[in-house]
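Commentary on secondary and tertiary structure
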Amino acid sequence: MIKRYHRFVRIFYRIRTAAFAALFVAIGMQLWGRGYGGLAWALLALQFLVYPHLLFWRASRAADSLQAEHSNLLLDCLFLGIWVAALEYPVWIAFPVFMGATLNNAMNRGWRGAVGALLAFAAGALAWGLVAGFKVSPQTNPVAAALCQIGLFIYVVGLGNIAFVQSRKLRDTREALRLREEHYRIITENAGDLIAMLDAAGRWVYANPAYRRLLPASALDIGADAFAHLHPDDREATRAVLEKAVETGESQAFLYRLIAMDGSEREFQAKAKSFSHAGTARTVIVSTDVTELRQRDRKLAIQANVFENMADAMMIVAADGTILSVNRAFTTVTGYTAEEVCGKPETAFRTALQPQEFYDEIRDALQRQGQWSGTSWCRRKDASIYREWRNISAIRDVAGATTHHIIFFADVSQSAHPDRALVH
């Protein structure tokens, strides 16, 4: 597995390799002019041509590659201090070398880096002086001086370009973040759903404008109790859900009721998600008003209960003749279960012992009047015969087209309603 290291390690490897190669030439000119021997040249090559690669190898394999690179920068200063002292402080080598090393550290660690560079550089120079003596010969080989000045210029421009690129990236990132925040703000401010952010104690951190349709402005003040207008029976359950969202970090779905400022009760389906911001727990809640939907569901549930428990058998048939629904009394009267008939054509379960003309008359009556009722002899699933009273009504849309037929019927063989037993 390839170990990943901080991108700055690669950047400083390139800078160090190029800068030290230039210093190899500049210091080499100084050594040449002063007649240094082979050992000095060997150490020069080791320091300025081999050393940068060794530092890259060290940092790229360190557990904390960025920290290792910071220590590499101080190590540069230490060795450069030794070389400057060994060369007896030639001005136009010492000054560019010290300035470059200090700038490098300052750009990465601020004033602490600059102080660290100064101390490391001085420690290197002091160590050499204690070993070999303190000698000062500020004269610099003209070619070496020119190379160092050119190198320092290029180095400063390079660092400035890096700072410019980083600054531009930061500016672009901030602008992209600003635009993203603006988009989110527009969406949140204009959303029909309720969007809120609460702290760990259940107090408002943010509430979008949709809340103002339901609650007074004072109830939405930052730091106010967000549970104050919840239905009393829902407060503890809602608080428990939000605590679970904070503890688990998982999204939580729940229902709650809100008492609006006009006294009406609204029902909401909500989802809560908790996160940590600057070490502080925050919970975002998105709530959708389902009051009408829930009321409609309850109404449909009542209607379904009435339908299922009617004494008369009932069948709902689509305009194309497909049976959509039957109630419990249907099974009691005919012997067929809902599973056996729903989704199938009504003609497959015609149990009246009548000729086709009988059904044609019913169809014509429904087309003319939208309703038909009468009695006939019918056969159950078990083949037993009974007398049936039936009422059929056509349901039409606004254009007058038939969409459904509602059919009521009952066994009137021994009916308590003699009027139903008459054939119409």
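My aim in this report is to walk through the structure given alongside it, one point at a time.

To continue, consider the packing of helix α1 (residues 7–34) against helix α4 (residues 91–132). The relative placement of two packed helices comes down to the angle between their axes together with the axis-to-axis distance. Put simply, α1 and α4 touch, their axes get as near as 11 Å, and they point 175 degrees apart. With respect to each other, α1 and α4 are oriented roughly antiparallel. Together, F8, F12, L23, A26, I27 and Q30 of α1 and I93, V97, N104 and N108 of α4 make up the contact between the two elements. Split by residue class, the contact of α1 with α4 holds 7 nonpolar, 3 polar and no charged.

Membership of the largest hydrophobic core comes to 25 residues, with the highest contact counts inside it found for W204, Y211, L215, F254 and Y256. Secondary structure elements with two or more residues in this core: β1 (194–199), β2 (204–207), α6 (235–248), β3 (252–259) and β4 (265–277). Filtering out sequence-adjacent residues up to four positions away, Y211 remains in contact with L194, I195, A196, W204, L220, Y256 and S287.

Below, the discussion takes up the pairing of β2. When β1 meets β2, the two strands line up antiparallel, connected through 3 bridges. Bridged to L198 within β2 is W204. If you look at the hairpin formed by β1 and β2, you'll find 4 residues sitting between the two strands, and G202 has a positive phi there, around 80 degrees.

What the 5 strands build is an open sheet, ordered β7-β6-β10-β9-β8; its pairing is antiparallel. The open sheet terminates on both sides in strands that have one partner only, identified here as β7 (323–326) and β8 (371–379). For this sheet, the mean inter-axis angle between neighbouring strands, taken without regard to orientation, is 25 degrees. Pairing of strand β9 (residues 385–396) with strand β10 (residues 402–411) involves 9 bridges; the strand directions are antiparallel. Bridge assignment links N391 to a residue of β10, and that residue is F408.

We now examine the packing of aromatic side chains. The final tally for this structure, using the stated rule, is 15 aromatic pairs. On the numbers, 5.6 Å between centres and 90 degrees between planes, the contact of Y5 with F56 is edge-to-face. Taken together, the residues span a long stretch of sequence, with Y5 in the segment before α1 and F56 in helix α2 (residues 38–60) at a distance of 51 residues. What makes Y5 partly exposed here is its relative accessible area of 29%. When its relative accessible area of 15% is taken as the criterion, F56 is described as buried. Every member of this aromatic cluster is reached through a ring pair, and the members are F20, F48, Y51, F79 and W83. Over the aromatic face of F227 sits the side chain of R239, whose NZ or CZ is 4.2 Å from the ring centroid.

Let's shift gears to the packing of α1 against α2. One can describe the packing of α1 onto α2 by two numbers: an axis separation of 9 Å at closest approach and a directional angle of 175 degrees. The orientation of α1 relative to α2 falls into the category roughly antiparallel. Split into classes, the residues belonging to the contact of α1 with α2 amount to 20 nonpolar, 5 polar and 2 charged.

How each quantity is defined
- Residues numbered from 1 in each chain as written.
- Predicted model: local features only at pLDDT ≥ 70, side-chain atom pairs only at ≥ 80, totals over all residues.
- Heavy atoms only, no water.
- Axes fitted to C-alpha atoms, helices over the stretch in contact; angles between N-to-C directions.
- Helix = DSSP H or I, 4+ residues; strand = E, 2+ residues; numbered from the N terminus.
- Parallel < 35°, antiparallel > 145°, perpendicular 65-115°, else oblique.
- Contact = heavy atoms within 4.5 Å.
- Nonpolar A, V, L, I, M, F, W, Y, C, P; charged D, E, K, R; others polar.
- Core = buried A, V, L, I, M, F, W, Y, C linked by side-chain atoms within 4.5 Å.
- Buried < 20%, exposed > 50% of the residue type's maximum accessible area, 1.4 Å probe, protein only.
- Pairing = 2+ DSSP bridges.
- Phe/Tyr/Trp six-rings, centres within 6.5 Å; stacked < 30°, edge-to-face > 60°.
- Lys NZ or Arg CZ within 6 Å of the ring centre and 35° of its normal.

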